[in-house]
Amino acid sequence: MRKTWTATLALALPLALAACGGSAPAGTSNGGGGQSGGTIKIGSLHPLSGSSAADGQQMDNGAKLAVEAINNAGGIKSQGGKKLELVSADTQGKPEVGQSEAQRLIQEGAVGLLGTYQSAVSANVSTVAERNKVPFVIDVSSADSILAQGYKYTFRVQPSSTVLGTSGAQFLDQVAKAAGKPVKQVAVLHEQGPFGTAVRDAFKAEAAKAGIKVEPAIAYDAASVSDLTTQVTQVKASGADVLMVAGYYRDGVLAAKAVDTIKPTLNAVYGVANGAFDLPQFPKEVGAPAEGYFDANYHADMTKPDMQALAKLYTERYNDQIRTGAVLAYDSVQVIAAALEKAGSADATKVRDAIASGEVPTLIAGPGTIKFGPTGENVNATPILMQVQGGAPKQVFPADKAEAQPVYPAFKSQ
Amino acid sequence: MTFSPDQDHVAAGNGGGVATLDPDELPAPAARSVPWLRIVVIAALIVVAIGLAYLRAGSGVVVTQAVVTGILIGGVYGLVAMGLTLIFGVLDIVNFAHGSFLALALFLTFGLTQAGLHVYLALAISVPAMFLLGVLVQRGILAGAMGKPLENQLLITLGISLIIENALLLFFGGNPRSVALSGDRGVPILGAVANLSRILAFLGALLLAGLLYLLLQRTRLGTAIRAVAANDTGAQLVGIDTRVIYAVTFAIGTACAGAAGTLVAPLVTIEPTTGSLFNIVAFVVVVLGGMGNVVGALVGGLIIGLAEQLGGIYLPGQSPLLSVFIVFVLVLFLRPQGLFRRSA
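Quick caveat: nothing in here was measured; it's all calculated off a predicted structure.

Peer 1: Any chance you could explain the overall build of chain B here in plain terms?
Peer 2: The helix and strand inventory of chain B stands at 13 helices and two strands. The long-range share in chain B, meaning contacts at least 24 apart out of those at least 6 apart in sequence, stands at 77%.

Right under this line is the structure:
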């Protein structure tokens, strides 16, 4: 019995070590780097393990590619060509872990932070950044409340929930009117957290201006929901002609499966900042029923040659398709690097001022460059409209960003 | 292994006419009958809950859909919880790794379907594979902790779950995966609609629950398992090799998680953390049904499935876990020993 025990332990131990290595590469790789005077450190805080690990790893990879691109182009020239060094930390998607990891990265000498995907984590990290006077650039986290604190050291590249909800309603109204079938009633299915609620409120307010009735608005818990057929049946019973869904990946897929099962009479299923409907694996997982799904979301601009090159590089390097989160992380590193260049110093306060007054080109589809307003919001952050066509998400609206024409009503037979 | 010839004596320790594995159970001849009164009360409460939901929703179809969905998902919860409750009843181990075993089975099923196997044929591989893993884990890792304080085993199983989850993340990455069931379509039931894959998962869960019940009640192995659950020292004295029974029982429990994993594969998004979604619910179901009670686990699963769906109508916008825990707290308050376990 003791023999088997030892043998199993021998088998299990390497596995356990491998697992640790997988979840905390940051801690092991930067342990000895505290004293390296030749580089400027930037901290990347993302959920590398836990339920958002796929997105977190994408974003960390995006940040790595940005640092690599800047170093290959000669580093920070105003500071004698100093190279950047990315120090990655795993937030595990937990606010308290993100907070302590942010503190650790700052103590290790990071002059700027980027992250973190979850709004709750970003809120805690922004407090740490403010206290330590180190600039924090949010790549993904949409809750409005983060930048409503009057913080001076926090900036956001992606659009806020309010911008997403408002633009989402405008796009829907315009696309439907252009097709000659104005929307009468929208049913909303949204995750119950700050993100879903803020998107719902902004969407509802803007839709009301266009004379669209928003009813019912049904909330669900994204973390533990296992089925949405009951909710979609409620939508069917309400007689709405469009279903708006604001949520994440897994629940987005559940919603699509439920719509396929219940078959409500809809002209369109319309995501606003939906974490599923504009991802390439969504049509793969849901299959043919995914055809025609809209998503009004911030998105990488695939019409830009630089973006196409980055997407190609990402696929070669990581054997995966790049997501918009990774592009936002890439842009966020560019924001910090441009500020380092402009400030001519690695002093965190000077870097902060340079970020606040700077202007940086972006790979995200939008009206212009990344430029921050007085509250730290990117004034040019806006979503675009995507639609699944021919088994892949395509940019369809506004016209100058369109790869294809929007199809509305999105479903033929219903 | 040899079993006690005095099987009738062991069987007398089995109370309530259901396959309880309660180690604290006292032999009570009168309790061999099915607890009809309790079943009627539970059924009546469910009917009242559905009736109130009709009043609240004002739409028959929505409630019918909620009930159908709740029962179908409840069957799967029951299957997951049966494995957990079996392990608790016989080994006295609170198995935190149960959800991870389910996740492992999900990935195994994904791999097998990628290799061209039909998803339900994958059961023929995933169940034995998970059984084998269960034997290895019990004999290799948990055997040394048997009889030690509860927290020792608890921490070991927690560790196993972390290892499995992170190993899956390491080898497969965090990208969501899915298993498609060809020919999956909506099936109308009394005005509501349910996916064929959900109905098949439910029927599969019921079938496996029936097999497990027969195994425990009608076979020598099942009698031995129940004997060990009732009194392991006593079982040893009559010649039952408890080490074998421990390993086999743990393996049966793991195989339940394996079967559940394969059955739900077409319904869920497959990620390393998918198992933990089922874990919380399974623990609630186990305590609700009475720790160590296999039939209680199935009934508890159905109740929790219904509570989750009807709760969405009563309390729109709240986590499905809220209504689950409201039911849970009420049951603990009124019947601390669980629905189908007599007080010690």
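Still more to cover.
Peer 1: I keep staring at the overall build of chain A and nothing clicks. Help me out?
Peer 2: When its secondary structure is counted, chain A shows 13 helices and 14 strands. Compactness check: chain A gives a C-alpha radius of gyration of 22 Å against a globular reference of 22 Å for 414 residues, within 12% of the reference. Principal-axis analysis of the C-alpha atoms gives chain A an extent of 70 × 65 × 40 Å. Within the span of chain A, comprising 414 residues, buried residues form 57% of the whole. Pairs at least 24 apart in sequence give 68% of the contacts found in chain A among residues at least 6 apart.

Peer 1: What's the story with the interface of chain A and chain B in this structure? I'm lost.
Peer 2: One frequent convention defines the size of an interface as the accessible area lost when the parts assemble. Each partner contributes residues to the interface: chain A has 39 residues there, and chain B has 38 residues. Counting residues per element, the ones that place at least two in the side of chain A that touches chain B are α1 (2-23), α3 (53-72), β7 (213-220), α8 (229-238), α9 (249-262) and α10 (281-286) of chain A. The element that contributes the greatest number of residues to the side of chain A that touches chain B is α1 of chain A, accounting for nine residues. Tallied by class, the residues present in the side of chain A that touches chain B amount to 15 nonpolar, 19 polar and five charged.

Peer 1: How should I be thinking about the pairing of strand β3 (residues 110-115) of chain A in this particular structure?
Peer 2: Residues in a regular strand project their side chains so that they alternate between the two faces of the sheet. All names here are of chain A. The buried fraction of β3 amounts to six of the six residues, a majority that puts the element mostly inside the structure. Bridge analysis of β3 against strand β4 (residues 136-138) gives three bridges, and the strand direction is parallel. Opposite L114, over in β4, you have V137 as the bridge partner. For the crossover from β3 across helix α5 (residues 119-132) to β4, the handedness is right-handed.

Peer 1: Explain the sheet that holds β7 of chain A to me, please; I cannot follow it from the model alone.
Peer 2: Sheet strands pair by backbone hydrogen bonding; their relative direction is either parallel or antiparallel. Residue and element names in this part refer to chain A. Strand order in the open sheet made by the seven strands is β7-β6-β8-β9-β10-β13-β14, with mixed pairing throughout. The outermost strands of the open sheet, each flanked by one partner alone, are β7 and β14 (392-397). Put simply, the sheet's adjacent strands are angled 25 degrees from each other on average, direction ignored. Where strand β8 (residues 242-246) lies against strand β9 (residues 268-272), four bridges are found, and the strand directions are parallel. Bridge assignment links M244 to a residue of β9, and that residue is Y270.

Peer 1: Before we go on, may I ask you to explain the sheet that holds β4 of chain A in this structure?
Peer 2: Residue and element names in this part refer to chain A. Read from one edge of the open sheet, five strands run β2-β1-β3-β4-β5, paired in parallel fashion. Since the sheet does not close on itself, it has two edges, and those belong to β2 (83-90) and β5 (154-156), each with one partner. Adjacent strand axes in the sheet meet at a mean angle of 25 degrees when their direction is disregarded. Pairing analysis gives eight bridges linking strand β1 (residues 39-46) to β2, with the strands arranged parallel. Pairing of I42 across the sheet is with L86, part of β2. On the sheet, α3 packs against β1, β2 and β3 and is oriented at approximately 170 degrees with respect to β2.

Peer 1: Whenever I open this one, the nonpolar core confuses me. Can you help?
Peer 2: The nonpolar side chains of a soluble globular protein tend to be buried with one another. L243 of chain A together with V76 and V80 of chain B are the most contacted members of the largest nonpolar core, which has 251 residues in total. For this core, the element with the highest residue contribution is helix α3 (residues 60-91) of chain B, accounting for 19 residues. Once residues lying within four places of it in the same chain are set aside, the contact partners of V80 of chain B are L102, A257, A260, F278 and A282 of chain B.

Peer 1: Sorry if this is basic, but what is going on with the packing of α8 of chain A against α9 of chain A here?
Peer 2: Residue and element names in this part refer to chain A. Remark: α8 packs on α9, axes separated minimally by 9 Å, with the N-to-C direction vectors making an angle of 55 degrees. The angle between α8 and α9 falls in the class oblique. As α8 packs across α9, the resulting crossing turns out to be right-handed. In contact with T229, V232, T233 and K236 of α8, α9 contributes A258, V259, T261 and I262. When grouped by side-chain class, the residues that make up the contact of α8 with α9 number four nonpolar, three polar and one charged.

Peer 1: What exactly am I supposed to notice about the confidence of the model for chain B here?
Peer 2: When pLDDT drops low, the exact placement of atoms in the prediction is not to be read closely. Residues and elements named next belong to chain B. Confidence in the prediction for chain B averages 85 pLDDT; 89% of positions are at 70 or higher. Averaged pLDDT values over the elements of chain B bottom out at 42 in helix α1 (residues 7-12) and peak at 95 in helix α4 (residues 98-114). Below a pLDDT of 50 lies the segment residues 1-18, which in the model reaches 43 contacts outside its immediate sequence neighbourhood of four places, other chains included. Segment residues 23-31: pLDDT under 50, and 14 contacts once partners within four positions in sequence are set aside and those in other chains are kept. Quick note on the complex model: pTM equals 0.82, ipTM equals 0.79.

Peer 1: What am I meant to see in the pairing of β8 of chain A here?
Peer 2: Residues and elements named next belong to chain A. Burial runs high along β8: five of the five residues are buried. Residues V242, M244 and A246 line one face of β8 and the alternating positions L243 and V245 line the opposite face, and both faces are buried. Sheet analysis places strand β6 (residues 185-191) next to β8, joined by five bridges and oriented parallel. Note on β8: the bridge partner recorded for A187 is L243. In this region the chain leaves β8, passes through α9 and returns to the parallel neighbour β9; the handedness of that crossover is right-handed.

The rules behind each value
- For every chain, the first residue of the written sequence is number 1, and numbering continues from 1 onward in sequence order.
- Numbering of ligands from 1 and lettering of chains from A proceed in the order in which they are written.
- In view of the model being predicted, local features appear only for residues whose pLDDT reaches at least 70, and side-chain atom pairs are presented and counted only at 80 or more, with totals across whole chains, interfaces and linings using the full set of residues.
- The secondary structure listing takes helices from DSSP runs of H or I that are at least 4 residues long and strands from runs of E that are at least 2 residues long, numbered from the N terminus.
- Two residues qualify as being in contact provided that their C-beta atoms, derived from the backbone, are within 7 Å of each other.
- Radius of gyration here uses only the C-alpha atoms, and the compact-globule reference equals 2.2 Å multiplied by the residue count raised to the power 0.38.
- In this scheme every C-beta is placed from the backbone, and a residue whose C-beta has 20 or more other C-beta atoms within 10 Å is buried, one with 12 or fewer is exposed, and one in between is partly exposed.
- For this scheme, ten residues count as nonpolar: Ala, Val, Leu, Ile, Met, Phe, Trp, Tyr, Cys and Pro. Four count as charged, namely Asp, Glu, Lys and Arg, and the remainder, Gly too, count as polar.
- When DSSP finds two or more bridges between a pair of strands, those strands are recorded as paired.
- Here, the term right-handed applies to a crossover whose path from the first strand over the helix to the second runs clockwise when the strands point away from the viewer.
- For every element, the axis is a line fit to its C-alpha atoms; helices are fit only across the contacting stretch, and the angle between N-to-C directions ranges from 0 to 180 degrees.
- In this usage, the nonpolar core is the set of buried Ala, Val, Leu, Ile, Met, Phe, Trp, Tyr and Cys residues whose C-beta atoms join them within 7 Å.
- Between 65 and 115 degrees an angle is taken as roughly perpendicular, under 35 as roughly parallel, over 145 as roughly antiparallel, and anywhere else as oblique.
- What makes a crossing left-handed is the near helix being turned counterclockwise from the far one by less than a right angle; a clockwise turn instead makes it right-handed.
- pLDDT measures the predictor's confidence residue by residue and takes values from 0 up to 100.

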